[in-house]
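# An overview of the molecular structure
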Amino acid sequence: MSTALRSSHRLDPDARKASAAARRRVGQGSLTHPSRTGLLLVAPAVLFVAVFVLVPLGFALVISLTNWPLIGSVKFSGVKNYTAIASDAAFAKSVLYTLLYTVIVTGPILVLGYALAVLVRRKRRGSTLLRTIFFLPFVVGLSTLSFVTVLEAQPDSGAINIVLRTLDITDGTTAWLVDGPLATGLICVLVIWGVSGLTMMLLMAGMQAIPREFYESSELDGATWWQQEREITIPVLRRTIAMAVIISVVGSLLAFTQFYILTRGGPGTDTTTVVQYIYNRAFVQLQLGAATALSIVLVVVVGLVTAFQFWLLRERD
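Everything in this summary refers to the structure shown in the same document. (Residues numbered from 1 in each chain as written. Predicted model: local features only at pLDDT ≥ 70, side-chain atom pairs only at ≥ 80, totals over all residues. Heavy atoms only, no water.)

### Considering the overall build of the protein
Filter applied, for reference: Numbering goes from the N terminus for both helices and strands, where a helix is a DSSP run of H or I of at least four residues and a strand is a run of E of at least two. Working definition: with a 1.4 Å probe on protein chains only, accessible area under 20% of the residue-type maximum means buried, over 50% means exposed, and in between means partly exposed. Two residues qualify as a contact provided that any one of their heavy atoms is within 4.5 Å of a heavy atom in the partner residue. Here, Shrake-Rupley sampling with a 1.4 Å probe gives the accessible areas, and only protein chains in the shown set may cover a residue.
A count of helical and extended segments in the protein gives 15 helices and 0 strands. A burial count over the protein gives 34% of its 317 residues as buried. Here the contacts in the protein between residues at least 6 apart in sequence split such that 63% fall between residues at least 24 apart. When the accessible surface of the protein is totalled, it reaches about 19500 Å², and 70% of it is carbon and sulfur.

### Some thoughts on the layout of surface pockets
Worth spelling out the cut-off: Cavity means a closed set of points on a 1 Å grid over the protein atoms alone, one where a 1.4 Å probe fits but cannot get out, pocket means an open set with protein on both sides within 12 Å along at least 5 of 7 lines, and lining means a residue has an atom within 4 Å of a point. Grid points are joined across faces, edges and corners, and a volume is the space filled by probe spheres set on the points.
Approximately 290 Å³ is the volume found for the largest pocket. As for the largest pocket, its lining consists of 20 residues, of which Phe138, Leu142, Val191, Val195 and Gly251 are closest to the centre. For the lining of the largest pocket, the secondary-structure elements that each account for two or more residues are α5 (89-120), α6 (127-140), α7 (142-152), α9 (180-208), α12 (238-253) and α13 (257-262). As a volume, the second largest pocket reaches approximately 240 Å³. If you go around the second largest pocket, you meet 14 residues; those closest to its centre are Val95, Leu99, Leu253, Leu298 and Val301. Of all the secondary structure elements, the ones that give two or more residues to the lining of the second largest pocket are α5, α12 and α15 (288-312).

### A closer look at empty space enclosed by the protein
Applying the stated rule across the entire model yields 1 cavity of 30 Å³ or more. Reported here for the largest cavity is a volume of approximately 40 Å³. Looking at the lining of the largest cavity, the elements that each hand over two or more residues are α9 and α12. If one sorts the elements of the lining of the largest cavity by residue count, α9 sits on top with 4 residues.

### Details of unusual backbone geometry
Put simply, Gly266 and Pro267 share a cis peptide bond, and its omega is 0 degrees. Residue position: Pro267 is located in the loop between α13 and α14 (274-283). In this structure, Trp68 takes a positive phi of about 25 degrees despite not being glycine. Tracing the sequence through the fold places Trp68 in the loop between α3 (36-64) and α4 (80-83). Taking the relative accessible area as the measure of exposure, Trp68 reaches 24% and is therefore partly exposed. Non-glycine residue Asp168 carries a positive phi angle of around 60 degrees. Structurally, Asp168 is set in the loop between α8 (159-166) and α9. Residue classification places Asp168 among the exposed residues on the basis of a relative accessible area of 69%.

### With respect to the packing of aromatic side chains
How two aromatic rings sit relative to each other is given by the distance of their centres and the angle of their planes. For the record, the criterion: Paired rings are identified among Phe, Tyr and Trp, the last through its six-membered ring, by centres lying within 6.5 Å, and are further divided according to the angle between planes into stacked (under 30 degrees), edge-to-face (over 60) and tilted (the rest).
Under the criterion given, the structure shown has 12 aromatic pairs. Considering the side-chain rings of Tyr97 and Phe259, the 5.8 Å spacing of their centres and the 80 degrees angle between planes classify their relative orientation as edge-to-face. Note that Tyr97 is positioned in helix α5 and Phe259 in helix α13, a separation of 162 residues in sequence. A relative accessible area of 0% means that Phe259 is categorised as buried.

### Some remarks on the side chain of Thr271
Going by this rule: Whenever two N or O atoms come within 3.5 Å, that pair is a polar contact, provided that in protein one can donate a hydrogen and the other can accept it, and provided that, for residues adjacent in sequence, both atoms are side-chain atoms.
Here Thr271 lies in the loop between α13 and α14. Here Thr271 falls in the buried class, since its relative accessible area comes to 0%. At 2.5 Å, the side chain of Thr271 forms a polar contact with the backbone oxygen of Gly266. Filtering out sequence-adjacent residues up to four positions away, Thr271 remains in contact with Tyr97, Gly180, Ala183, Thr184, Phe259, Thr263, Gly265, Gly266 and Gln276.

### Section: the environment of Arg238
For Arg238, the location among the structural elements is in helix α12. Taking the relative accessible area as the measure of exposure, Arg238 reaches 32% and is therefore partly exposed. The spacing of Arg238 and Arg314 is 76 residues in sequence and 8.5 Å in space, taken between C-alpha atoms.

### A closer look at helix α11 (residues 225-236)
Defined as follows: Between the first and last residue of a helix there are one fewer steps than residues, each counted as 1.5 Å, and that sum is the expected span. To obtain the arc, one takes the directions from the helix axis to the C-beta atoms.
Taking 1.5 Å of rise per residue, 12 residues should cover 16 Å, and α11 covers 16 Å from first to last C-alpha, within 8% of that figure. Along α11, the positions that sit buried rather than exposed are Gln228, Glu229, Ile232 and Thr233. For α11, the arc enclosing every buried residue in end-on projection is 120 degrees, short of the 170-degree limit, so these residues lie on one face. Buried residues along α11 sit against α5, α9 and α10 (212-220).

Given below as structure tokens:
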């Protein structure tokens, strides 16, 4: 009887049309298919990206092809601003300094952040207070920390020199911010202290998500603490560590605030980063076209560096 019903259904064209129409209606209302409702839901995000990302980026490309002084008439210059980058020695110096700064701070930020995360990842007495203390510098922000450092790095009266003089390390009159290497070292210490709290929070969240059974099984096998970290924690946290490194590297390549507040790129141009050099070209030398071309090059380079890091730190099966 069931065979007869199937045969009659196959021979009935009206039934086949009704079934096809019903399937189309179900498909149109499905959450897995595009629909007018879905387009309306994503429209605000698309509009936001278009207005605040794509339109400014397009306008920046136009500016980079002109001389565009901040004050005066605008003239089209083509790719002249881009070709001039290759012969800009000051820009090359700022790039090398920024890369040096990035290399100096990236490793210590990761190591210190990991050590702090290990210290506070377990629920024990005082761990919440320690998390707050370690994360507080990042909440305060580099701007505030930099202004405080300006006061505390003053010769004779700053707390840094007072402490070093008390410990008989220096005579207490060191001018930290007018010497290139000393200023760089001070800024690196400031950034490592101020940013490690973010790395700590990222890694701590990943550590707390690792099942406790992994560690208990390894303890039964006689694994030491370092073996547990090397064989369990670090492999499981691979993606989190990669994200923390990428955030640190990108932040270092785009460093501006702490250098602008503490040294203004000085003495001379010894502590001038890429972003500060672009700022000076735009708002000090009033060469907005050239500065915009440099900005676009910087965006492309940072994007390529980030993509390379994603590829290098990707999860390998």
